[in-house]
Amino acid sequence: MLKPLALSDARNLPVWRQPIALLVLMAIAMPIAFATWSALLNNFVIEMARFDGSDIGWLHTVREIPGFLAIGVISIIIFVREQILGLISLAMLGLATAVTAWFPSMGGILTITMLSSIGFHYYETVNQSLQLQWLEKDKAPQTLGWLLAIGSGATLIAYGAIVLLWDPLNLSYNSVYMTAGGLTAVLALVGFVGFRQFESPVPQVKKMIVRRRYWLYYALQFMSGARRQIFIVFAGFMMVEKFSFDVHEVTALYLVNLVANMLLAPLMGRAVGHFGERNALGFEYVGLIVVFLAYGGIYFFGWGVLIAAILYILDHLFFALALALKTYFQKIADPADIAPTAAVSFTINHIAAVFLPAGLGYLWLVSPAGVFVMAAGMATVSLVLALMIPRHPGPGNETILVRLRPSLAV
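Draft legend 1. Representation of the overall build of the protein. Regarding its fold elements, the protein presents 17 helices and two strands. Taking 22 Å as the expected radius of gyration for a compact globule of 410 residues, we find that the protein reaches 21 Å, a close match to that expectation. Projected onto its principal axes, the C-alpha coordinates of the protein cover approximately 55 × 50 × 35 Å. Within the span of the protein, comprising 410 residues, buried residues form 59% of the whole. Summarising the internal contacts of the protein: among those between residues at least 6 apart in sequence, 87% fall at separations of at least 24. Of the roughly 16,600 Å² of accessible surface on the protein, a fraction of 71% belongs to carbon and sulfur atoms. Separation between the mean location of the 24 positive side-chain charges and that of the 20 negative ones in the protein comes to 12 Å.

Draft legend 2. Quick peek at the nonpolar core. Ranked by size, the top nonpolar core spans 128 residues in total, and within it Phe198, Met238, Met239 and Tyr295 carry the most contacts. When residues of this core are assigned to their parent elements, the largest contribution, 17 residues, is made by helix α2 (residues 19–49).

Draft legend 3. Up close: a nonpolar patch on the surface. Among the surface-exposed residues, Leu293, Phe300, Phe301, Trp303, Ile307 and Val373 lie close enough to one another that they form a single nonpolar patch of about 620 Å² accessible area. With three residues, helix α11 (residues 277–301) is the largest single contributor of residues to the nonpolar patch. As for its position among the elements, Leu293 is in helix α11.

Draft legend 4. Structural view of helix α6 (residues 106–134). If you check α6, its first and last C-alpha atoms are 41 Å apart, about what 29 residues at 1.5 Å a residue would give, namely 42 Å. Taken across its 29 residues, α6 has 22 buried, putting it largely inside the fold.

Draft legend 5. Looking closely at the pattern of salt bridges. Across all of its chains, the model carries five salt bridges by this definition. Here Glu199 and Arg81 are joined by a salt bridge, their closest N and O atoms 3.6 Å apart. Taken as a pair, Glu199 in strand β2 (residues 198–199) and Arg81 in the loop between α4 (73–76) and α5 (82–98) lie far apart in primary sequence, 118 residues in all. Take Glu199: its relative accessible area is 37%, and that puts it in the partly exposed class. Note that Lys331 and Glu277 form a salt bridge whose closest N and O atoms lie 3.1 Å from each other. Taken together, the residues span a long stretch of sequence, with Lys331 in helix α13 (residues 323–332) and Glu277 in helix α11 at a distance of 54 residues. Overall, Lys331 belongs to the partly exposed group, its relative accessible area being 25%. A residue is classified by how much of its surface remains accessible, and Glu277, at 1% relative accessible area, is buried.

Reading guide: rules and limits
- Residues numbered from 1 in each chain as written.
- Predicted model: local features only at pLDDT ≥ 70, side-chain atom pairs only at ≥ 80, totals over all residues.
- Heavy atoms only, no water.
- Helix = DSSP H or I, 4+ residues; strand = E, 2+ residues; numbered from the N terminus.
- Rg over C-alpha atoms; globule rule 2.2 N^0.38 Å.
- Buried < 20%, exposed > 50% of the residue type's maximum accessible area, 1.4 Å probe, protein only.
- Contact = heavy atoms within 4.5 Å.
- Areas by Shrake-Rupley, 256 points an atom, 1.4 Å probe, with all protein chains shown as cover.
- Lys, Arg positive; Asp, Glu negative; His and termini not counted.
- Charge placed at Lys NZ, Arg CZ, Asp CG, Glu CD.
- Core = buried A, V, L, I, M, F, W, Y, C linked by side-chain atoms within 4.5 Å.
- Patch = residues over 30% accessible without salt bridge, like charges linked within 9 Å, V, L, I, M, F, W, Y side chains within 5 Å.
- Salt bridge = Lys/Arg side-chain N within 4 Å of Asp/Glu carboxyl O.
- Expected span 1.5 Å × (residues − 1).

The following block contains the structure:
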């Protein structure tokens, strides 16, 4: 095997073999499997396994357990390079997605979901680490925005195929899952054989670290995970359960989200670079508070499907601004801390995710509006935390409280 290539030397490679090209390939590959799984999930579990709100809550609780255990990445990268681990995890996601329809029962769906989730969460942990190690700080917000747009474009093609071909070709869940999952696995193989191993300029700490000066980042990650689960689990489920959306209608809604992301994600990246992480995150959280309260209004006031669809699209767009959380950490972190902190933050992000879906699934049976009101409260807490980010964060200037208590910078 060739010796790992330093990032500085990788600039001499053809563009299609440079680190950024690998990040683009992975940005394309992951959503093909994961987004297809998500698009079909609610219809699949309701039609094939007769899931109710409680069942879907338990499914997502199981799905988030590997995210809670993402801290295990630290022990794996002692023996396996991050780049290799990321591609193996990507292949695992693809293969597990491919066979999802083979297990149309509660136990089977939970098992295959656990396997695909291990691939997804370990991939995401490593991918976030590699992005922050390989991208220059001044270009990171814009590049992350472009990577988000590229991933949205790949998913757009997959969703477009579902919308256009589901009824005319009488597609089955198995054929769609096999195609999407298999393609992701093939692209992971291309990433393995087509690229050199790249060496980051700063060796990563390969043990668990929790630093006091990162406390605000940890808190924001915790709230982000709790809040995101309500959107992922219940917003889409509402469209199927309350408004009886079919597969192609749910996918069409996702398509609108993807087109919006393709157009706006690069602009959001530029906005984060221009206005700063505090303003970007503050804008996101204010928007989410309004959206979640409006979701509750659908049940309180009987608003129709058009309002629900508009809110779903806005909800998705606001979450795209979460890239500001990555760049905030990149600015305050010791470069050697990026890999272990990516694993720790993923675990923190999934603490609430493991418990909330199942618990809120029972609340959903009694009061769906109550679930969304709780989400608005979580977004409010996130807003308060985001306002503690300095205008120009950096090592020793992680929060605005540092100015009041200099000892916190230690």
